[in-house]
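Residue-level structure breakdown
So you can see what is in the structure, the chains are spelled out below.
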Amino acid sequence: MAVLPFSLVRALASGLRPLRALVARRWLREAEVDALLGGLHPAWRLNRVMARVIGRDWVSDDLLALRLRCNGNERDWRAGQHVQLYLELDGVRHCRSYSLTRVERGGVIELGIRRQPDGVISNRLLDHLAVGSVLELGQAQGELYWPQQAEGVGLLAAGSGITALLGLLREALARGYAAPITLLHYVREAGQRAYMAELQALMRRHANLQVRWLLTGQGAGRFQAEHLQGMSGFALLACGPAGFVEAVRASCGAALQSEAFSPLRRVSDAGQPVRLEFARSRLQGAGDNARSLLEQAEAHGLRPAHGCRQGICASCTCLLLGGAVRDLRSGIVSAEPGQPIRLCVSAPLGDVRIDV
Ligand code: FES
């Protein structure tokens, strides 16, 4: 039960500076301050970003635009970046990465959340998250920028990759960007053309914007180099699964800003047995060479810090102390002791020792 209104929580965020200074000097503990603030409102924290759901809007058969208002602890967020969204299920804290499709004054943001088949987290968010709920988010990350010095801009999105590019597009048009823009959105089925009504309205309002949808479910719509015709001299941005981004990069032969989701390559379903040593936790155990070290650490009851679980956010980075690991996205092997590795996309090649 909240003692304070949410609007006051947000207004008071900057007034917590003296408390932050005391925590930084270790005169107060952040967890204790947060417990006190959280008792007054579930979204009030010293530094952590909590956000209240203020709207839900289905923008395709499988993609929900979720509007949230943050508690004032968000720092310089911009559309096109992504944030970690934390959710606790059955006592386990989960985290997923979602793109910021909109960032407005007053801490209002919008995320695009796509339903994943068998996705426990996305299904929970899409089916059970009600307006008024409070969630925790990480600080925004991401390096995609709207290109300024180009004859035009080509945006290539596959599936939910549209969410990262839409935020940039909305802002560029609102700022009055007048050079030609072509957006190609590759989706499996017609019902997955997310934000279609909005994009059609934008095309009617902005003569410099062209949007085309390509249906890959019929095979013919998959990315081909000729789709880039008419975009010579354009700056290109691509966002989607790793295979899609690689295909665009191979075809455009030019500097490409991109963000890829990485389906992980497994050596086999079961894998071969290996020995795992989690040095900092003083724990050893049996593992396999198929699953990521993050999954295997969790299976041994450890809770390493992590975020996206896709190799993007770097929050699971730790040191390899012995043995070798294989990057599940690229297949590249790392065997240098002391080398940083990302647990969520690294599988052991044989026996390994890591600083977890
Ligand atoms: S959890 Fe984000 S890179 Fe591993």
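Residues numbered from 1 in each chain as written. Predicted model: local features only at pLDDT ≥ 70, side-chain atom pairs only at ≥ 80, totals over all residues. Heavy atoms only, no water.

When helices and strands are tallied, the chain shows eight helices and 19 strands. Taken over the C-alpha trace, the chain has a radius of gyration of 22 Å; the compact-globule value for 356 residues is 21 Å, and the two agree within 12%. Here the C-alpha coordinates of the chain stretch approximately 60 × 55 × 35 Å along the principal axes. A sequence separation of at least 24 residues applies to 62% of the contacts in the chain between residues at least 6 apart. Taken as a whole, the chain presents about 17,200 Å² of accessible surface, with 50% of it coming from carbon and sulfur. Side chains of the chain carry 42 positive and 32 negative charges; the gap between the two charge centres is 4 Å. (Helix = DSSP H or I, 4+ residues; strand = E, 2+ residues; numbered from the N terminus. Rg over C-alpha atoms; globule rule 2.2 N^0.38 Å. Contact = heavy atoms within 4.5 Å. Areas by Shrake-Rupley, 256 points an atom, 1.4 Å probe, with all protein chains shown as cover. Lys, Arg positive; Asp, Glu negative; His and termini not counted. Charge placed at Lys NZ, Arg CZ, Asp CG, Glu CD.)

Using the criterion set out here, one finds 15 salt bridges in the structure. Ionic pairing is found between R170 and E110, a salt bridge with its closest N-O pair at 3.2 Å. Residue R170 is located in helix α5 (residues 162–174), and its partner E110 is located in strand β5 (residues 108–114); the two are separated by 60 residues in the primary sequence. Judged by its relative accessible area of 11%, R170 is buried. Overlapping salt bridges bring together R67, R102, E104, E110, R170 and E198 as one network. (Salt bridge = Lys/Arg side-chain N within 4 Å of Asp/Glu carboxyl O. Buried < 20%, exposed > 50% of the residue type's maximum accessible area, 1.4 Å probe, protein only.)

Time to look at the sheet that holds strand β9 (residues 209–215). Read across the open sheet, the five strands follow the order β9-β8-β7-β10-β11; overall the sheet is parallel. Where the open sheet ends on each side, the last strands, each with one partner, are β9 and β11 (256–261). For this sheet the average axis-to-axis angle between neighbouring strands, irrespective of direction, equals 10°. Relative to β11, strand β10 (residues 234–241) is paired through six bridges, and the arrangement is parallel. Bridge pairing in β11 links P241 to F261. Here helix α6 (residues 196–205) sits on the sheet in contact with β8 (181–187) and β9, set at roughly 145° to β9. (Pairing = 2+ DSSP bridges. Axes fitted to C-alpha atoms, helices over the stretch in contact; angles between N-to-C directions.)

Model confidence for the chain is summarised by a mean pLDDT of 90, while 96% of its residues fall at 70 or above. When pLDDT is averaged over each helix and strand of the chain, the minimum, 78, is found for β11 and the maximum, 98, for α6. (pLDDT = per-residue confidence, 0-100.)

Our next topic: the sheet that holds strand β15 (residues 325–327). Sheet architecture is open: three strands sit in the order β16-β15-β18, paired in antiparallel fashion. In the strand order of this sheet, the two ends are held by β16 (333–334) and β18 (346–348), each with one partner. Across three bridges, the pairing between β15 and β18 is antiparallel. Directly across from V325, in β18, lies its bridge partner P348.

Next up on the list: the nonpolar core. Residues W146, L155, L169, I181, Y195 and L199 are the most contacted members of the largest nonpolar core, which totals 29 residues. If you list the elements that add at least two residues to this core, you get β2 (63–70), β7 (152–158), α5, β8, α6, β9 and β10. The greatest single-element share of this core, amounting to eight residues, is contributed by α5. Shared between two domains, this core takes at least three residues from each, and those domains are domain 2 (48–142) and domain 3 (152–261). What L155 contacts, discounting residues up to four positions off in sequence, is W146, L165, L169, I181, T182, L183, L184 and L237. Core analysis: the second largest hydrophobic core is formed by 24 residues, V53, L100, L126 and L135 among them. (Core = buried A, V, L, I, M, F, W, Y, C linked by side-chain atoms within 4.5 Å. Domains from an automatic or database assignment.)

Our focus in this paragraph is the domain arrangement of the chain. Taken domain by domain, the chain comprises domain 1 (1–47), domain 2 (48–142), domain 3 (152–261) and domain 4 (273–354). A C-alpha centroid distance of 35 Å is found between domain 1 and domain 4.

Our focus in this paragraph is the packing of aromatic side chains. Summed over the entire model, instances satisfying the criterion amount to four aromatic pairs. Three or more aromatic residues link up through ring pairs in this structure, and these residues are Y186, F223 and F244. (Phe/Tyr/Trp six-rings, centres within 6.5 Å; stacked < 30°, edge-to-face > 60°.)

We now examine the environment of A347. By the secondary structure assignment, A347 is in strand β18. A C-alpha to C-alpha distance of 36 Å links A347 and H227, two positions 120 residues apart in sequence. Those residues in contact with A347, other than ones at most four positions away along the chain, are N289, A290, R291, A324, V325, R326 and L328.

Within the secondary structure, G39 sits in helix α3 (residues 30–40). Once the C-alpha coordinates of G39 and L68 are considered, the two residues, 29 residues apart in sequence, prove to be 21 Å apart.

Residue position: R114 is located in strand β5. Within polar-contact distance, the side chain of R114 engages the side chain of D62 at 3.1 Å. Beyond its immediate chain neighbours, meaning those up to four positions away, R114 contacts D62, L63, S122, L126, G159, S160, R188 and Q192. (Polar contact = N/O pair within 3.5 Å; in protein donor to acceptor, adjacent residues only side chain to side chain.)

Once that is clear, we can look at the side chain of N208. Position of N208 among the secondary structure elements: in the loop between α6 and β9. Reaching out from N208, the side chain makes a polar contact with the backbone oxygen of Y177 at a distance of 3.0 Å. Separated by 2.9 Å, the side chain of N208 and the backbone oxygen of A179 make a polar contact.

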